[in-house]
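Breakdown of the fold
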Amino acid sequence: MSRRTQNKSHIRAMLLALLAVPALLVLCAALQVRIDAETRLLDPDKGELLLRSGWLLKKLSLGYEPLVADIYWTRVVQYYGRRARKPGATYESLWPLLDITTTLDPRLLIAYRFGAVFLSERPPVGPGRADLAVDLVKRGIAENPDEWRLYQDLGFLYSIHLKDYQKGAAAYLEGSKNPNAQVWMKVMAARVAETGNSLETSRMIWTEIYATTKDELIRRRAKQHIQSLDAALGLQRLNESSEDYWRKFGRFPTSMQELRDARLVAGTLQDPAGYPYVMGPNGVPQLDPQSTIVLDLDQGPDKLR
Amino acid sequence: MSVLPGVVAINTFREAVRDRVLYNLIFFALMMIGAAILVGQISIGIERMVIINLGLSAISIFGIIMAIFIGVGLVYKEMEKRTLYSLLSKPIRRWEFLVGKFGGLLLTLVVNTSLMTLGLAAALYCVTREFERSDATILVAVYFILLELAVVTALALFFSCFTSPMLSTLYTLGIYIAGVFAPGILGISQFTPNRAVAAVTRLVYYVLPNFHDFGVIAAAAHGDALPLALIWHNTLYAALYVVLILVAASAVFSGRNLK
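Residues numbered from 1 in each chain as written. Chains lettered and ligands numbered in written order. Predicted model: local features only at pLDDT ≥ 70, side-chain atom pairs only at ≥ 80, totals over all residues.

1. Describing the overall build of chain B
A tally of helices and strands in chain B yields twelve helices and zero strands. When the helices and strands of chain B are listed from N to C terminus, the series reads α-α-α-α-α-α-α-α-α-α-α-α. Relative to its full complement of 259 residues, chain B shows a buried share of 42%. (Helix = DSSP H or I, 4+ residues; strand = E, 2+ residues; numbered from the N terminus. Buried ≥ 20, exposed ≤ 12 C-beta atoms within 10 Å, placed from the backbone.)

2. With respect to the overall build of chain A
Along the backbone of chain A there are 13 helices and two strands. Looking at chain A as a whole, 33% of its 305 residues are labelled buried. Considering only intrachain contacts with a sequence separation of at least 6, the fraction spanning at least 24 residues in chain A is 53%. (Contact = placed C-beta atoms within 7 Å.)

3. Examining the nonpolar core
Counting 77 residues, the largest nonpolar core has A67, A154, L157, I245 and A249 of chain B as its most contacted members. Per-element tally for this core: the top contributor is helix α7 (residues 136-160) of chain B, with 17 residues. Once residues lying within four places of it in the same chain are set aside, the contact partners of A249 of chain B are L98, L157, F158 and C161 of chain B. V76, L104, M188 and Y277 of chain A belong to the second largest nonpolar core, which has 58 residues in total. (Core = buried A, V, L, I, M, F, W, Y, C linked by C-beta atoms within 7 Å.)

4. Section: the confidence of the model for chain B
Residues and elements named next belong to chain B. The pLDDT averaged across chain B works out to 87; a share of 96% of its residues lies at or above 70. Summarising per-element confidence for chain B, the mean pLDDT is lowest in helix α2 (residues 24-42) (74) and highest in α7 (95). Two numbers describe this predicted complex: its pTM, 0.62, and its ipTM, 0.71. (pLDDT = per-residue confidence, 0-100.)

5. What about the interface of chain A and chain B?
At the interface, 26 residues of chain A touch 28 residues of chain B. Looking at the side of chain A that touches chain B, the elements with two or more residues in it are α1 (3-41), α2 (44-48) and α4 (65-83) of chain A.

6. A look at the environment of T153 of chain B
Residues and elements named next belong to chain B. Relative to the helices and strands, T153 is located in helix α7. Classification of T153 by C-beta neighbours within 10 Å gives buried; the count is 29. In this structure, the C-alpha to C-alpha distance between T153 and F102, residues 51 residues apart in sequence, is 6.9 Å. In contact with T153, other than residues within four places in its own chain, are A67, G71, F102, L105, L106 and L109.

7. Thoughts on helix α9 (residues 165-176) of chain A
Residue and element names in this part refer to chain A. Over its twelve residues, α9 runs 16 Å from end to end, which matches the ideal 16 Å to within 8%, given 1.5 Å per residue. Those residues of α9 that fall on the buried side of the exposure criterion are Y165, G168, A169, A171, Y172, G175 and S176. End-on, the buried residues of α9 take up no more than an arc of 160°, which puts them together on one face. (Expected span 1.5 Å × (residues − 1). Arc of directions from axis to C-beta.)

8. Focus: the packing of helix α6 (residues 94-128) of chain B against α7 of chain B
All names here are of chain B. Contact pair α6 / α7: the axes reach a minimum separation of 10 Å and the direction vectors enclose 150°. It follows from the interaxial angle that α6 and α7 lie roughly antiparallel. Here the hand of the crossing between α6 and α7 comes out right-handed. Residues L98, K101, F102, L105, L106, L109, V110, T113 and T117 of α6 pack against V142, I145, L146, L149, A150, T153, A154 and L157 of α7. Looking at the contact of α6 with α7 residue by residue, the classes come out as 13 nonpolar, three polar and one charged. (Axes fitted to C-alpha atoms, helices over the stretch in contact; angles between N-to-C directions. Parallel < 35°, antiparallel > 145°, perpendicular 65-115°, else oblique. Left-handed = near helix turned anticlockwise from the far one by under 90°. Nonpolar A, V, L, I, M, F, W, Y, C, P; charged D, E, K, R; others polar.)

9. Side note on unusual backbone geometry
A positive phi angle, close to 55°, is found at K163 of chain A, a residue other than glycine. Structurally, K163 of chain A can be placed in the loop between α8 (148-161) and α9. We note that R129 of chain B has phi near 60°; this positive angle belongs to a residue other than glycine.

10. Thoughts on the environment of Q270 of chain A
All names here are of chain A. Summarising the element assignment, Q270 is placed in the loop between α13 (256-261) and β1 (278-279). In this structure, the C-alpha to C-alpha distance between Q270 and S291, residues 21 residues apart in sequence, is 10.0 Å. Those residues in contact with Q270, other than ones at most four positions away along the chain, are Y275 and P276.

11. Brief notes about the packing of α4 of chain A against helix α6 (residues 109-120) of chain A
Residues and elements named next belong to chain A. Packing of α4 against α6 leaves a shortest axis separation of 11 Å and a crossing angle of 15°. Looking at the two axes, α4 sits roughly parallel to α6. For the crossing formed where α4 meets α6, the hand is left-handed. Here α4 contributes W73, V76 and Y80 to the contact with α6, which in turn contributes I110, A111, G115 and F118. Taken together, the residues of the contact of α4 with α6 sort by class into six nonpolar, one polar and no charged.

12. Here's the deal with the confidence of the model for chain A
Residue and element names in this part refer to chain A. The share of residues in chain A with pLDDT of 70 or more is 90%, and the mean pLDDT across the chain is 82. At the low end of the mean pLDDT range in chain A sits α2, at 50; at the high end sits helix α7 (residues 130-143), at 94. Every residue in residues 299-305 is under pLDDT 50, and counting partners more than four places away or in other chains gives twelve contacts.

Encoded structure:
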């Protein structure tokens, strides 16, 4: 083949490639969108975890355990992120994934700390398995006894989710003995021991988490809890005013205006989302139906009366 | 269309057989016999699943190794041995040569995979003493493995056109691994708050060959039926991707100065 003919054929091939390759890529991408839709219909959990033994995976990792642990941790985050707040979502693989991650790298603190939060959140935000979260954090403490923050997490789990204030206070106290621990760990121990079952204590714990975490997901959840607790505290105060009204007039107020007229509250009280509180039946103050605030199930209106 | 690519393909297949490539079947057979004997001793209730998982994984791994290691040498070896010069002096176009090489290796892989599938079926029968209707998904899984191997072969051939076998192996393996983790790449785009990162990862997801969707070993082990649309779309996807890579390989190879 002469050089000229070869050049010609090369130019032709290049032109064809320049036209065909992008066009085929677009076709492939369009097809990929269809395939994604089809594979979503297949049960995603089946392929989620073929190997459930952390020990076996550790052996198979051939010395690259930390890297495999990092990969598994990203899978945990994606697994949880895909399900959180999805109606009817289940979290069967969350614990095995965390178990594998922490077996592969027992010093991966983030997996214990955030994993405990993921596990303990109530449905639909999480599986509501505070018992497994406690196991996970205890395992983290056994592997990393110098990490006082794990004691903070343990205290948090006992106080907020399991309502075991004695164990919660003990965890905070144990963590406070670490020379690197923050001073407020002692305060927290005393506060939980004294008034564990109070909205103020819950708010204090969540505020500490909000102030110290660097993860956006946890921060967002902590903020939601703080706002929820602020709303509950606002409702609690209004409820006290409503009872004062009953003592003064022998009946419950039917509107906020009546409370204001009786000078039991001042101005328009709003929840953290900016919606004014409203008076419900029997003088029980409520959130505006349009409010975006969701009261915590375990710290909500049932505690107000 | 010219018959020349077919001639090149047959010769490539013969060369692979001469190079004792199919000897890997002996290892596969021994492994499946060993698994069939041992599986009853070590697993309770999941013997069938273990045999299917092990067999399909082995078919996939052996195939990938063959596709990469033979594929990266397809063009390079011909240049090294200077047999390419005498071949291209004949009335054969360069793209025909590439298509022939691709077809030859694919034929080798099809033969190899088919024989391994027979071995898997024999081991499965030894363990369970029956075939179930749901076992048809195993054949779909094998077919998907072949589609995957076709794309990997095309990739290896593409790199073989302009770089050394060592680098071709690394590039092909790298793309393969990235393609297997494609959903993870898309996951980054869904969770990152940074729009630029999200856009780039989304683009990478659609440009990379998605090998993850060919992996239906878990579905085959559980006996789940696969939608016909998925089989058809995966076939089309693999065919388009192979054409895309071969067009790009032809463009690169046509510009190579072989003097």
